[in-house]
Amino acid sequence: MPTPISRDDVARVAQLARLTLTDDELDRFTGQLGAVLDHARDIEALDIDDVPPTAHPYPLVNVLRADEVGATLDRDEVLAQAPSAEDGRFRVPTILGQEP
Amino acid sequence: MSDQSATEAAYVVEGSEGDRWAIVVGLEVHVELATATKLFCACPNVFGDEPNTNVCPTCLGLPGSLPVLNRNAVELAMRIGRALRCTVEPSVFARKNYFYPDMPKDYQVSQYDKPINVDGELALPDGTVVGIERAHLEEDTGKNTHAGGGGRIHDADYSLIDYNRAGVPLVEIVSRPDIRTPDQARAYVAELRQLLVAIGASDARMEEASMRVDANVSVRPEGTTELGTRCEIKNLNSIRSLGRAIEYEARRQVDLLETGERVRQETRHWDEDGGRTRPGRSKEEAEDYRYFDEPDLVPVAPDEAWQAAVDANLPELPASRRARLAERAGRPTTDGGVALTVERDLDALAHAAMDAGGDPARVLTHVEHNVPVEAAGGLDPAQLADLVRLELDGALTATQAKTVLAEVIASGRPPADIAAERGFEAMDTSALEGTIDEIIAANPTEWDDYVHGDDARRGKLTGFFTGQVMKATKGQADGKVVNQLLGARRAAALAGE
Ligand SMILES: [Zn+2]
């Protein structure tokens, strides 16, 4: 059987998550992710034609809350957790070309 | 809608060789829901607050926080769906994964392959029916401000982020590619906006970005049915820019195709000042978003009782209100005054005045032209009916009625009292007849011309005689009555010859 995920696939996923991986890391994660996907292949081999798909392990729907305002966080405290802030806002590096 | 739509050929882009190209447009409209709180947390959903004051661990994506769905957001999403004749389906939330600082979780919770509303339609005032593919729930993102280098994205040194908007409930309404002209696109957005406001789902203000419109535009040779490659146009800040952007983009695509080039599927941004679209990022494939079911939320499956309650609570929709008002006032359904009256929410006032015995046509004319929307709440419909009665009885001319109505609105006093005070009294027709006879006797040449001249000549002289009568009565005579009396005198003169 071919490997379930290629090194290029891993590099692509890393790029989408804006992660910089070394060559060693790419090799290592390709192996590790391959092992995870091999396990998924084992499950795929089962005959589950009669089993309906499940969105969630719990047989629950409509878990809802009332539309009532609750507590918010203190802004100074929130911004103090960030590496950089300005004018009451989070300051982040240039995001040119990465807009979703 | 099929390609046999009556308006299909209404908009054509002509190529340099005289080739004719049709346009195909589908619209994606995002609306912020008028809830008190966000979609998955209890932070206030308010526009214009100080940055980052309406935030909590959930909408900041802090570790360990969990989303809990807002019942009212589901209710409003269903209202939108049912008003658009959609089917409400059991739905599932999904994570749309992307790396961008406007979502601190690095994913946006949306609905993907199981949206809450599917397969609806919206009828435009001109009768065009635009299919609705889906209307699904999702959370809004935070707001980026590009700073440094003059504030434009291409020169930006860094960005500032406000998460007040992150997690605000949105419904994304996706039309089918049924729109064939820029006018239809504008009409679709205007109609949708009215509908959303009427059902209380959103304030739908494009200028505050609580309603945002993206347009998918493609072109194809007129008469063909295969869809061309489309571009998605973003950054449309008004209904006007929507129309301009579609016109520009269609022209751009036709020019490309005519020179043998291909249209690249991409996202483009509308540049309002430059009057053009510019390329943005290339369109990411859905697989790049690596959608998967959101494990922290269970499905939403409104039962029949809930759906029935939503249906029962829907108000009458603008299209039906227009039809009912037009019918009652004896105007066409597409009448501009009817549309305006419904859009201003003054049709209930008009109906109440008609119910109180006011002549429907006159009532609507006053509501359309002489009732300022901000003052309408102070106008008693019974008094409007009384005013119209005085007018039709001949006690007030149209001009006098307008003056009296303004005072009724300002003071709330009965129209008859105001008319009497101002000396607007019923002109006795016999007095008016005497005046007209004197004027005819004093202008025999003009009168002879009036009686025997052609229509154009008589039209001119009608103005002359009416002017004379107005001068003699100090403007108190009703132009319509003067006209009738002149006509009667002419008929008598011709019969006597
Ligand atoms: Zn929150």
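Read on for an overview of the structure.

Cut-offs applied
Residues numbered from 1 in each chain as written. Chains lettered and ligands numbered in written order. Predicted model: local features only at pLDDT ≥ 70, side-chain atom pairs only at ≥ 80, totals over all residues. Heavy atoms only, no water. Contact = heavy atoms within 4.5 Å. Buried area = accessible area lost by both parts, 1.4 Å probe. Salt bridge = Lys/Arg side-chain N within 4 Å of Asp/Glu carboxyl O. Polar contact = N/O pair within 3.5 Å; in protein donor to acceptor, adjacent residues only side chain to side chain. Helix = DSSP H or I, 4+ residues; strand = E, 2+ residues; numbered from the N terminus. Donors = N, O, S within 2.8 Å, 3.2 Å for Na, K, Ca; no water. Tetrahedral: all angles 85-135°; square planar, octahedral: opposite > 155°, others 65-115°. Expected span 1.5 Å × (residues − 1). Buried < 20%, exposed > 50% of the residue type's maximum accessible area, 1.4 Å probe, protein only. Pairing = 2+ DSSP bridges.

## Brief notes about the interface of chain A and chain B
Stage number 1. With 37 residues of chain A in contact, the opposing surface of chain B contributes 58 residues.
Stage number 2. Counting each side, the surface lost to burial between chain A and chain B is near 4,100 Å², with a carbon and sulfur contribution of 61%.
Stage number 3. Scanning the region where chain A abuts chain B turns up two salt bridges.
Stage number 4. In this structure, the salt-bridge partner of E50 of chain B is R75 of chain A, at a minimum N-O distance of 3.8 Å.
Stage number 5. Counting the contacts that link chain A with chain B gives 22 residue pairs in polar contact (both at pLDDT 80 or more).
Stage number 6. Residue assignment for the side of chain A that touches chain B shows that the elements contributing at least two residues are α1 (7–16), β1 (64–65), α3 (75–80) and β3 (89–93) of chain A.
Stage number 7. With five residues, the single largest contributor to the side of chain A that touches chain B is β3 of chain A.

## Quick word on the coordination of the zinc ion
Residues and elements named next belong to chain B.
Stage number 1. Those donors, C41 (SG), C43 (SG), C56 (SG) and C59 (SG), are the protein atoms that reach the zinc ion, and they lie 2.2 to 2.4 Å from it.
Stage number 2. Bound by four donor atoms, the zinc ion shows angles of 98 to 116 degrees at the metal and therefore tetrahedral coordination geometry.
Stage number 3. Read from N- to C-terminus, the donor residues coordinating the zinc ion fall into the pattern C-x1-C-x12-C-x2-C.

## As for helix α3 (residues 239–258) of chain B
Residues and elements named next belong to chain B.
Stage number 1. In this model α3 runs 29 Å from its N-terminal to its C-terminal C-alpha over 20 residues, within 8% of the 28 Å that 1.5 Å per residue would give.
Stage number 2. Among the residues of α3, S241, L242, G243, A245, I246, E249, A250, R252, Q253, V254 and L256 are the ones counted as buried.
Stage number 3. Phi turns positive, to about 80 degrees, at G260, one or two residues after α3.

## Some points on the sheet that holds strand β9 (residues 143–147) of chain B
In any sheet, the strands associate via hydrogen bonds between backbone groups, in a parallel or an antiparallel arrangement.
Stage number 1. Spatially, the four strands line up as an open sheet ordered β2(A)-β3(A)-β10(B)-β9(B), and their pairing is antiparallel. Lying at the two open borders of the sheet, with one neighbouring strand each, are β2 (85–86) of chain A together with β9 of chain B.
Stage number 2. Two elements, β3 of chain A and strand β10 (residues 158–162) of chain B, share four bridges in a ladder whose sense is antiparallel. By the bridge assignment, F90 of chain A is partnered in β10 of chain B with I161 of chain B.

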